[in-house]
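For reference, the chains in residue letters:
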Amino acid sequence: MDVRTYSVDELQTIADEIGTRSVWDFGRMHTEREPVPWDYPDVVARYLTPTDTVLDVGTGGGERLLGLANRFRKGVGIDPDPDMVRVAQANAARAATTHVTFQQAGAEDLTSFPRETFDVVLTRHAPASAPGLHRVTKPGGYFVCQGIGARNMENIRLAFHTGSATQFEEDQRALLSGLRESGWTIVAQGEYNVRYLVRDLPSLLFWFSAIAGANEVPSDFAIERHHGVINDIIQRYGSDRGIETNEHRTLLIARKASNQSAE
């Protein structure tokens, strides 16, 4: 990567050429990550059986739920973004998958489902509510969650002066406390924090635009407004290998007591 100061016009031209994301698919980015201790779909697969009914909260374009579709009987993916839901429905149609459906809803909307509907509830980088999970999960059912860690992209967040250094830790503590109070067993927890490289400037600008409004990048992100910060990041953290930051993730697997019903 060429580590130098870029003009607003240069940055804007690159941003215009790469366009915007349509779903949470960052396959067009050129990145490099240190090895991590788990792969989320592989972890989820261990807790699925052919008779299960599965809920995926924050499903995005539904790619991961559809990728696991041959491992369960029925699946429902929900996402608060109607554009995401439309993409997920199109993906299901292309895959000719009829036992997986998608609908618009957020983590706070689980009351729309009957009590004790799901054998397994999944979330990946999406919020979760212990009371909602307790209500919709069958006795003996599992919750599998990969979360974003509090130190994720720490140098980027500090450069933009945005987000909270404790938000995700506080959310995780509240979730764990709520599950334990409802009688759930914490089956496993994990965490990793590894080096993450964004290999080129187009990937970096696409990434910032795609996650604008998340904890690490301000919701009003724009080249004209933030070109100074972008150049500062390039100068401080750039090399011929790309821009260095970090990826911090958490893992939580919990089980509802087999003799316990939702209140």
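Bear in mind the structure is a predicted one, so any value in this text is a computation, not a measurement.

(A) Spatial organisation of the overall build of the protein chain. Counting its regular elements, the protein chain contains 9 helices and 9 strands. Radius of gyration (C-alpha) of the protein chain: 20 Å, near the 18 Å computed for a compact globule of 263 residues. Taking the principal axes of the C-alpha coordinates as reference, the protein chain spans close to 60 × 40 × 30 Å. Within the protein chain, the proportion of its 263 residues that are buried is 49%. Counting only contacts in the protein chain whose residues sit at least 6 apart along the sequence, the fraction spanning at least 24 positions is 74%. For the protein chain, the exposed area adds up to about 12,600 Å²; of that, 46% sits on carbon and sulfur atoms. Mean positive and mean negative side-chain charge positions of the protein chain (27 and 35 charges, respectively) differ by 7 Å.

(B) Representation of helix H4 (residues 82–94) within the structure. Under the 1.5 Å per step criterion, the end-to-end length of H4 is 18 Å for 13 residues, consistent within 8% with the ideal 18 Å. Among all positions of H4, only Met84, Val85, Ala88, Asn91 and Ala92 are buried. End-on view of H4: buried residues confined to an arc of 120 degrees, all on one side of the axis. The outward face of H4, more than 90 degrees from its buried face, is lined by the exposed residues Ala93 and Arg94. At the N-terminal end of H4, a side-chain oxygen is found 2.8 Å from the backbone nitrogen of aspartate 83, two or three residues along, and the residue is aspartate 81.

(C) Quick peek at the packing of helix H1 (residues 8–18) against helix H9 (residues 223–237). Viewed as axis vectors pointing N to C, H1 and H9 meet at an angle of 105 degrees, and their least axial separation amounts to 10 Å. When the axes of H1 and H9 are compared, the pair comes out roughly perpendicular. In contact with Val8, Leu11, Gln12 and Ala15 of H1, H9 contributes Ile223, Glu224, His227, Ile230 and Asn231. Its residues placed into classes, the contact of H1 with H9 shows 5 nonpolar, 3 polar and 1 charged.

(D) Layout of the pattern of salt bridges. One pass over the structure, following the stated rule, counts 15 salt bridges. Its salt-bridge partner being arginine 86, residue aspartate 83 comes within 2.2 Å of it at the nearest N-O pair. One end of the pair, aspartate 83, and the other, arginine 86, are both in helix H4, 3 residues apart, so they sit about a helical turn from each other. A residue is classified by how much of its surface remains accessible, and aspartate 83, at 42% relative accessible area, is partly exposed. By relative accessible area, which is 49% here, arginine 86 ends up partly exposed. Residues joined by salt bridges that share partners form a network here, namely Asp2, Arg4 and Glu10.

(E) View of the pairing of strand E9 (residues 242–255). Counting buried positions over the 14 residues of E9 gives 12, a clear majority of the element. Of the strand pairs in this sheet, strand E6 (residues 137–148) and E9 are connected by 7 bridges, and their pairing is antiparallel. Its bridge partner lying in E9, valine 144 is registered against isoleucine 253. Across 13 bridges, strand E7 (residues 185–198) lies against E9 in antiparallel orientation. Its bridge partner being in E9, valine 194 is matched across the sheet by glutamate 247. Direction of pairing for strand E8 (residues 238–239) relative to E9: antiparallel, over a ladder of 2 bridges. Bridging across to E9, glycine 238 finds its partner in isoleucine 243. Connecting E8 to the antiparallel partner E9 that follows it, the hairpin turn spans 2 residues.

(F) Spotlight on the side chain of glutamine 172. Tracing the backbone through its elements, the reader meets glutamine 172 in helix H7 (residues 167–181). Overall, the relative accessible area of 18% leaves glutamine 172 in the buried class. Look past the residues within four positions of glutamine 172 in its chain and what remains in contact with it is Gln189, Thr250 and Leu252.

Parameters and conventions
- Residues numbered from 1 in each chain as written.
- Predicted model: local features only at pLDDT ≥ 70, side-chain atom pairs only at ≥ 80, totals over all residues.
- Heavy atoms only, no water.
- Helix = DSSP H or I, 4+ residues; strand = E, 2+ residues; numbered from the N terminus.
- Rg over C-alpha atoms; globule rule 2.2 N^0.38 Å.
- Buried < 20%, exposed > 50% of the residue type's maximum accessible area, 1.4 Å probe, protein only.
- Contact = heavy atoms within 4.5 Å.
- Areas by Shrake-Rupley, 256 points an atom, 1.4 Å probe, with all protein chains shown as cover.
- Lys, Arg positive; Asp, Glu negative; His and termini not counted.
- Charge placed at Lys NZ, Arg CZ, Asp CG, Glu CD.
- Expected span 1.5 Å × (residues − 1).
- Arc of directions from axis to C-beta.
- Polar contact = N/O pair within 3.5 Å; in protein donor to acceptor, adjacent residues only side chain to side chain.
- Axes fitted to C-alpha atoms, helices over the stretch in contact; angles between N-to-C directions.
- Parallel < 35°, antiparallel > 145°, perpendicular 65-115°, else oblique.
- Nonpolar A, V, L, I, M, F, W, Y, C, P; charged D, E, K, R; others polar.
- Salt bridge = Lys/Arg side-chain N within 4 Å of Asp/Glu carboxyl O.
- Pairing = 2+ DSSP bridges.

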